[in-house]
Structure formats: structure tokens, C-alpha cells
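Close look at the chain arrangement
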Amino acid sequence: MTSSASPGLARLNSATASDAAGLLHEVCASRSWGAAVIAGRPYRDLDALFAASDAAMAGLTADDLGEAMAGHPPIGRPKPGDPTSEREQAGVQEAVREELLELNLAYQDAHRHVFLICATGRTGDQMLAALKERIGNDTDTEREIVRAELGKINRIRLTRLAEQGDPA
């Protein structure tokens with residue numbers, strides 16, 4: 001680790017395995033992903049952390065992906081009191097929320113998990129269009145789309161984690 005490491009990255013690098021697991025669980029709920037990222041420490045910079053995250057994401061099994069998805073609330077219904085969930089779904093307007101929730105239930109029936117998309121920077125209409133497009137995908141296709149979307153979400157959250165100083 002160089003002295004140019006950001007405060008949050010330095011904190012992640014120096015944290016105990018247990019504390020690092022807690023920090024990374026806020027990024028991704030998959031324990032396998034978190035363990036792989038922890039094993040790669042220390043990270044010299046954000047790009048190295050991204051590379052480790054991407055490699056860990058590529059190695060997740062279907063069960064690991066399920067665990068990761070379980071940490072995400074349905075699009076259109078941010079987790080109450082969770083500023084990350086609320087920030088990421090800020091583009092969902094009330095007029096679109098009902099239709100998103102309704103289609104998400106149909107998607108869950110078809111794929112056995114919530115519709116997952118990197119919501120940051122997208123409008124509710126864009127997410128609704130993606131949901132309508134993806135609902136008919138087969139399970140294998142959808143699993144790989146979800147893997148890519150989780151990777152995008154993880155990068156956004158890792159950036160935020162790396163930029164944060166000591167929360168104390």
C-alpha cells in the first residue's frame with residue numbers, strides 16, 4: 001500500500017478480517033465475494049480493488065449470486081432507513097413505482113429472485129423498460145446479466161467506501 005491510498009482504502013487494508021467483512025458486506029451481501037476481496041488485501045489503489053472485485057464476482061456460483069441478490073430490495077421499493085438503497089433508487093418516481101413493483105413480482109415468479117439492475121443514474125422509466133426487456137430471458141442469460149449489474153453496483157459502492165475516512 002502506498003501513502004497515496006485514500007482514507008477508506010487504507011481503512012479497508014488495515015482492518016481486521018472481521019471488520020473488513022463488515023465493511024464489504026455493505027457493498028455486496030455475498031460472503032464468498034467478501035472473502036475473496038479480503039484475501040487480496042492490501043490494495044494499492046482503487047483499480048486494484050476493482051480488479052479483485054471483478055475477479056471475485058466472476059467466480060460466484062449461482063448460490064453466491066443468490067446471496068448477493070438477497071441484499072438488494074426490489075426496484076421501486078428502497079429499503080426503509082437505508083440511505084444507500086434510497087440514493088441508488090432516487091430515479092424512481094411515484095408514478096412508475098407501482099408498475100415496477102407489479103412487474104418485479106412477475107419477474108420473481110419467472111426467475112426466483114428480485115429484478116436486479118444498477119439503478120444509479122437511471123430513471124424509473126429506464127429501469128421499467130429494462131425490466132420489461134429482461135423478464136422473458138432464460139435463467140442462464142439472466143444470471144449473467146445480474147452478475148454484470150452486481151459488478152457495476154459493487155464498483156460504485158467500493159468507490160464510496162474508498163473515499164470515506166474513518167467513520168468514528
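Up top is the structure these notes are about.
Here the structure is a predicted model, which means the values were calculated and not measured. (Residues numbered from 1 in each chain as written. Predicted model: local features only at pLDDT ≥ 70, side-chain atom pairs only at ≥ 80, totals over all residues. Heavy atoms only, no water.)

1. Considerations on the packing of helix α4 (residues 46-58) against helix α9 (residues 139-163)
As a packed pair, α4 and α9 sit with axes 10 Å apart at the nearest point and diverge in direction by 150°. Considering their axes alone, α4 and α9 lie roughly antiparallel with respect to each other. The interaxial crossing formed by α4 with α9 has right-handed handedness. Residues L46, L49, F50, S53, D54, M57 and A58 of α4 touch α9, and the partners they reach there are R147, L150, G151, N154, R155, L158, T159 and A162. (Axes fitted to C-alpha atoms, helices over the stretch in contact; angles between N-to-C directions. Helix = DSSP H or I, 4+ residues; strand = E, 2+ residues; numbered from the N terminus. Parallel < 35°, antiparallel > 145°, perpendicular 65-115°, else oblique. Left-handed = near helix turned anticlockwise from the far one by under 90°. Contact = heavy atoms within 4.5 Å.)

2. Notes on the environment of N104
Within the secondary structure, N104 is located in helix α7 (residues 94-111). Given a relative accessible area of 1%, N104 falls into the buried group. Between the alpha carbons of N104 and K132 there is a distance of 9.5 Å; along the sequence they are 28 residues apart. Of the polar contacts made by the side chain of N104, one reaches the backbone nitrogen of F115; its length is 3.1 Å. (Buried < 20%, exposed > 50% of the residue type's maximum accessible area, 1.4 Å probe, protein only. Polar contact = N/O pair within 3.5 Å; in protein donor to acceptor, adjacent residues only side chain to side chain.)

3. Things to note about the nonpolar core
In this structure, L12, L24, W33, L150 and L158 are the most contacted members of the largest nonpolar core, which totals 42 residues. For this core, the elements supplying multiple residues, two or more each, are α1 (7-14), α2 (17-25), α3 (31-39), α4, α5 (62-70), α7, α8 (124-134) and α9. Among all residues touching L12, those that are not within four sequence positions of it are A20, L23, L24, R41, L49 and L161. (Core = buried A, V, L, I, M, F, W, Y, C linked by side-chain atoms within 4.5 Å.)

4. Examining the side chain of R134
With respect to the element layout, R134 can be found in helix α8. Among the residues examined, R134 registers a relative accessible area of 6% and is labelled buried. Within polar-contact distance, the side chain of R134 engages the backbone oxygen of L116 at 3.0 Å. Ignoring any residue separated from it by four or fewer positions in sequence, one finds R134 in contact with Y107, H111, F115, L116, I117, E142, I145, V146 and E149.

By themselves, these observations are geometric and do not establish any function.
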